[in-house]
There are 2 protein chains.
Amino acid sequence: MSNSQSTNPRSTNHYAVIMAGGVGSRFWPVSTEEFPKQFHDMLGTGKSLLQQTFERISKIVPAENILILTNDRYENLVKQQLPKIENKRIFLEPAMRNTAPCILLSAMKIRQENPDAVMLVAPSDHWIEDETAFSENILTAFQTCQNENILMTLGIQPAFPNTGYGYIQFEKSEKEIKKVSQFTEKPDYQTAKTFLEAGNYLWNAGIFSWSVKTIIAEFKTQLPEMYELFSEGKEILNTEKERKFIAENYAKAENISIDYGIMEKAKNVGVLPASFDWNDLGTWGSLHNQLPKDDQNNAVVNGKSLLLNSENNMIRLPEGKVIVAEGLHNFIVIDKEDVLLIIPKKKEQEIKEIRNQSIKKFGENLG
Amino acid sequence: MSNSQSTNPRSTNHYAVIMAGGVGSRFWPVSTEEFPKQFHDMLGTGKSLLQQTFERISKIVPAENILILTNDRYENLVKQQLPKIENKRIFLEPAMRNTAPCILLSAMKIRQENPDAVMLVAPSDHWIEDETAFSENILTAFQTCQNENILMTLGIQPAFPNTGYGYIQFEKSEKEIKKVSQFTEKPDYQTAKTFLEAGNYLWNAGIFSWSVKTIIAEFKTQLPEMYELFSEGKEILNTEKERKFIAENYAKAENISIDYGIMEKAKNVGVLPASFDWNDLGTWGSLHNQLPKDDQNNAVVNGKSLLLNSENNMIRLPEGKVIVAEGLHNFIVIDKEDVLLIIPKKKEQEIKEIRNQSIKKFGENLG
C-alpha cells in the first residue's frame, strides 16, 4: 500500500475510460433508452452515477485525461452532466460492438497522445463509497502497469455466492497483486458456493488497468483483425478526420467483450483484491442495499413518505412527491411522471421483460 | 307507478336542493378540502358527480329551479362545473351547521318564490345509474307531497347488513308508499342482520321530498328556535339583502342534521322503496364496485395498465399515466400529482385518519 502512495496522483501519464453506453433496463422505468441509469441520481445524492464516477476517478487521473465512452444519443447528456469535458474526450460508438473494440480504439487514441500512458477502464454506474481506498487501489494498479507488461483487474471480495457475476480465480500468494489463473462467467449456485469456500475467487467488477503499450500489444496477439482494422487509422486519431474514420470502420469490428476477447486468453493477467466495498447497482434490490433505510428497512429516494406497517420496500418518487402506504411489504415502487411500477422485490429480474411488454403495449416512448 | 307518470316533469312547482358541501375525506388524496369528491370525475365518465347529479335531477325539475348548497370555498367550482346556473341558486353556507339549517333556509327561499313548491333534497355525490327509475320515483314522491302533508324519503333495498348506513323501518303494507315507524343510525352487525331478515328495513340514502309548506311547518314544531331565527329574514330572502342576513344569523342556528332534528321525530313520514340501484360512493371500495373491471377484477380510472398476477385492485391515475404492477392484490392505489397512496382495500375506513396524519406530517396543502 505504501508503495502506491509514492505514485503521483496528478501524473499526466494517468488516463481513464469511463464506460457509459449501457441502457440499464432492469432499472426501468427510471432508466430508459433515452435516459439510462448512469445519467440518473439513483442514490438521491444530488449527483448522477456518471458524475460520481467522474469525480471519484478525477482524484487519481487529471480530469482532462478522462474519456467517456458512450453512444450518439447520450452525447448531450454527457455534456450536460460533465460540462467541463472537452468534446475530444467523448467517444461516441457508432454501433454496438461490446467492449473490446471501443477499448482498443480508446487505448490507441491515448497512445497517440501519450505513449507512456497507463489507463483505467471503469463502469460509470457502480457504487463505491470509500474513495480513499479506491484511489489507493488504482494507484497501485497504475504503478504496477507502468513498470510491468501486465493486464490488471480489480477483484471484489465476494459477499455471497452470487450467480449473476463473473468470478476471477487467482493463485494464492502473499503478494498484493495476485496472478489470475482463470475467469468464470456466471457460475451456477453450487459452483459459486465452492468458489467462496475455496477462498481464491473474486468478483469481476469490470475495472481494468494497463499501459496502452501492453493492451495494444495484447490486441495485436489476441484479436489481430481488429488491431489491423483500427491501426489503419492510427495516424488520424485525435484529428478532425477521426470521426469519419470511426464512422466508416467501427461497425466492421468484431462484436466481442474485453473479457472474452482479451482477458480470458491473456497470460499476463493480475488481480488486485479491492479494499473498498462495491455494489454494481444491478437491480433495484441492490440499490436498496446501498441506500439509507428507515426503521422498517424502507429506502425512499427523492419524495417524502408516511409508511405504516410497511417493510423492506424500495421506493423512488418524483422530487417532492409524498407516498402514503400501508401494509406494503418487500415491494419496489417506482413513480415516474408517466409510469408507476409496483412489483415485488423478488421479481426484480423480470423488470427487463416487463419493460419489453410495456413498450409493446403502450409504445416505444415508455422504454 | 302509472300515477307518477301523470305528474308533469316540467312543472314549475318542482324544486331541488343538491347538497354539495362535503369534503369526502375517505377519498383522499383525490378528494381534498380544496377540491372535494363531488367535483371530481370519480367514475371516469368525463363528468363530475355533481354534474351527473344535476343532469339526473334536471329531467324532473326545471334546471332553473335547482339550488346547490355548498360553502364559500366551492363557489367557483360550482360555477365552473355548472356554468349555466344562476348566482341566486348557489346557496353558500357561511358556517358548518349540519343539514337542518340549510334545508330550512332553502325551503323558505323556495316558498318565498313559489308557495306551492314541492322540493327534492339529494346528495351530490352518489351513484344512480337508472335515471328512468329515479325520475319515476321522484315524480311519485312529488305528486304525493303535492297532495299530502307528508315528509317523504327514498329508501334503498339493503343488499347486505352494512353497519355504516342508517336504516328506515316501515310498516308493512301493500301501498307503494309505506309509513315510516323508525329511523336507526348505524346499527351493529347483528342488528343489521336482523333488519335484513325482517324485510321491512331500507337504507336511508339522504334523499328527501316534501312540499315547502309541510317541511317549514315541521320545523316550526320540531325546531322552533331555528324557525324563529330564520323567519325574521323571510321578507328579504331572494333579495340583495339576503346574503347579509344569512352571514349575520346562520351561525346562530343549532348544529343539527335533518334526520335527527326533523325526520326521526316527525309523525307524518313516508318512505318509497327506490326502484333503482344505488351506491353512496362512500369509499374507494364502493367506487370499485361501480366501475368496469378487467378479468382480474381490477378497476382502473384514467391511466392505462399492465397488471400481472394482480387482482381486485382499485386504481386511479393521472390522465394518461401507465401503471405496471405485479403481485398486487386487494389494494387501493391512488396516484395524484403530489401524493401516491397505496393501502389495502380492507383498510379503506382508515383513509380519513391517514389523511389527518399526512396533513400533520407534510402540511395542510396535502389535505
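Residues numbered from 1 in each chain as written. Chains lettered and ligands numbered in written order. Predicted model: local features only at pLDDT ≥ 70, side-chain atom pairs only at ≥ 80, totals over all residues. Heavy atoms only, no water.

Trainee: Lay out the relation of the copies chain A and chain B in plain terms, naming residues and giving numbers.
Mentor: Of the two same-sequence chains, chain A is brought onto chain B (RMSD 0.1 Å, axial shift 0.2 Å) by a rotation of 179°. Each copy turns onto its partner about a two-fold axis. Take the interface residues of chain A: 100% of them recur as interface residues in chain B, which is what a same-surface contact looks like. (Least-squares fit on C-alpha atoms with pLDDT ≥ 70 in both. Contact = heavy atoms within 4.5 Å.)

Trainee: Explain the pattern of salt bridges to me, and be specific about the residues and the numbers.
Mentor: Counting across every chain of the model gives 32 salt bridges over all chains. Between A:Glu131 and A:Lys59 there is a salt bridge, and its shortest N-O distance comes to 2.5 Å. Here A:Glu131, found in helix α5 (residues 131-147), pairs with A:Lys59, found in the loop between α2 (49-57) and β2 (66-71); they are 72 residues apart in sequence, far enough to count as distant. The class for A:Lys59 is partly exposed, based on a relative accessible area of 43%. Of the charged contacts in the structure, one is a salt bridge between A:Lys347 and B:Glu326, with a shortest N-O distance of 3.7 Å. Residue A:Lys347 is located in the loop between β17 (339-344) and α12 (351-362), and its partner B:Glu326 is located in strand β15 (residues 322-326); the two belong to separate chains. Look at A:Lys347 and you get partly exposed, because its relative accessible area is 25%. One salt-bridge network, held together by shared partners, links A:Glu33, A:Glu34, A:Arg73 and A:Arg355. (Salt bridge = Lys/Arg side-chain N within 4 Å of Asp/Glu carboxyl O. Helix = DSSP H or I, 4+ residues; strand = E, 2+ residues; numbered from the N terminus. Buried < 20%, exposed > 50% of the residue type's maximum accessible area, 1.4 Å probe, protein only.)

Trainee: A description of empty space enclosed by the protein should follow, citing residues and the corresponding values.
Mentor: Residues and elements named next belong to chain B. According to the stated counting rule, one finds 2 cavities of 30 Å³ or more in the structure shown. If you add up the space inside the largest cavity, you get close to 50 Å³. Each residue belonging to the lining of the largest cavity can be placed in one class, and the counts come to 7 nonpolar, 2 polar and 1 charged. When its volume is computed, the second largest cavity comes out at roughly 40 Å³. Lining of the second largest cavity is provided by Thr-53, Arg-56, Ile-57, Ala-122, Pro-123, His-126, Ile-128, Phe-134 and Ile-207. Breaking the lining of the second largest cavity down by element, the ones donating at least two residues are α2 (49-57) and β4 (118-123). (1 Å grid on protein atoms, 1.4 Å probe; cavity = no way out; pocket = protein on both sides within 12 Å on 5 of 7 lines; lining within 4 Å. Points joined across faces, edges and corners; volume = space filled by probe spheres on them. Nonpolar A, V, L, I, M, F, W, Y, C, P; charged D, E, K, R; others polar.)

Trainee: Tell me about the packing of helix α4 (residues 99-113) of chain A against helix α8 (residues 224-231) of chain A, and please be specific about residues and values.
Mentor: All names here are of chain A. Viewed as axis vectors pointing N to C, α4 and α8 meet at an angle of 45°, and their least axial separation amounts to 11 Å. Relative to α8, α4 is oriented oblique. The two elements α4 and α8 meet at a crossing, and its hand is right-handed. Where α4 abuts α8, its residues Ala-100, Pro-101, Leu-104, Leu-105 and Met-108 lie against Met-226, Tyr-227, Phe-230 and Ser-231. Within the contact of α4 with α8, the residues separate by chemical class into 8 nonpolar, 1 polar and no charged. (Axes fitted to C-alpha atoms, helices over the stretch in contact; angles between N-to-C directions. Parallel < 35°, antiparallel > 145°, perpendicular 65-115°, else oblique. Left-handed = near helix turned anticlockwise from the far one by under 90°.)

Trainee: Explain the sheet that holds strand β13 (residues 304-308) of chain A to me, and be specific about the residues and the numbers.
Mentor: Strands sit in the order β13(A)-β15(A)-β17(B)-β16(B)-β14(B)-β12(B) across an open sheet of 6 strands; the sheet is mixed. The open sheet terminates on both sides in strands that have one partner only, identified here as β13 of chain A together with β12 (299-301) of chain B. Ignoring strand direction, the axes of neighbouring strands in this sheet form an average angle of 5°. Sheet topology note: the strand β15 (residues 322-326) of chain A/strand β17 (residues 339-344) of chain B ladder contains 4 bridges and is parallel. (Pairing = 2+ DSSP bridges.)

Trainee: An account of the environment of B:Lys172 is requested, with residue identities and associated values reported.
Mentor: Residues and elements named next belong to chain B. For Lys-172, the position within the fold is in the loop between β7 (167-170) and β8 (178-184). Once the C-alpha coordinates of Lys-172 and Asn-200 are considered, the two residues, 28 residues apart in sequence, prove to be 6.4 Å apart. Apart from the residues within four sequence positions on either side, Lys-172 is in contact with Ala-198 and Asn-200. Engagement of the side chain of Lys-172 in a polar contact is seen with the backbone oxygen of Ala-198, the distance being 3.0 Å. (Polar contact = N/O pair within 3.5 Å; in protein donor to acceptor, adjacent residues only side chain to side chain.)

These figures capture arrangement, not role.
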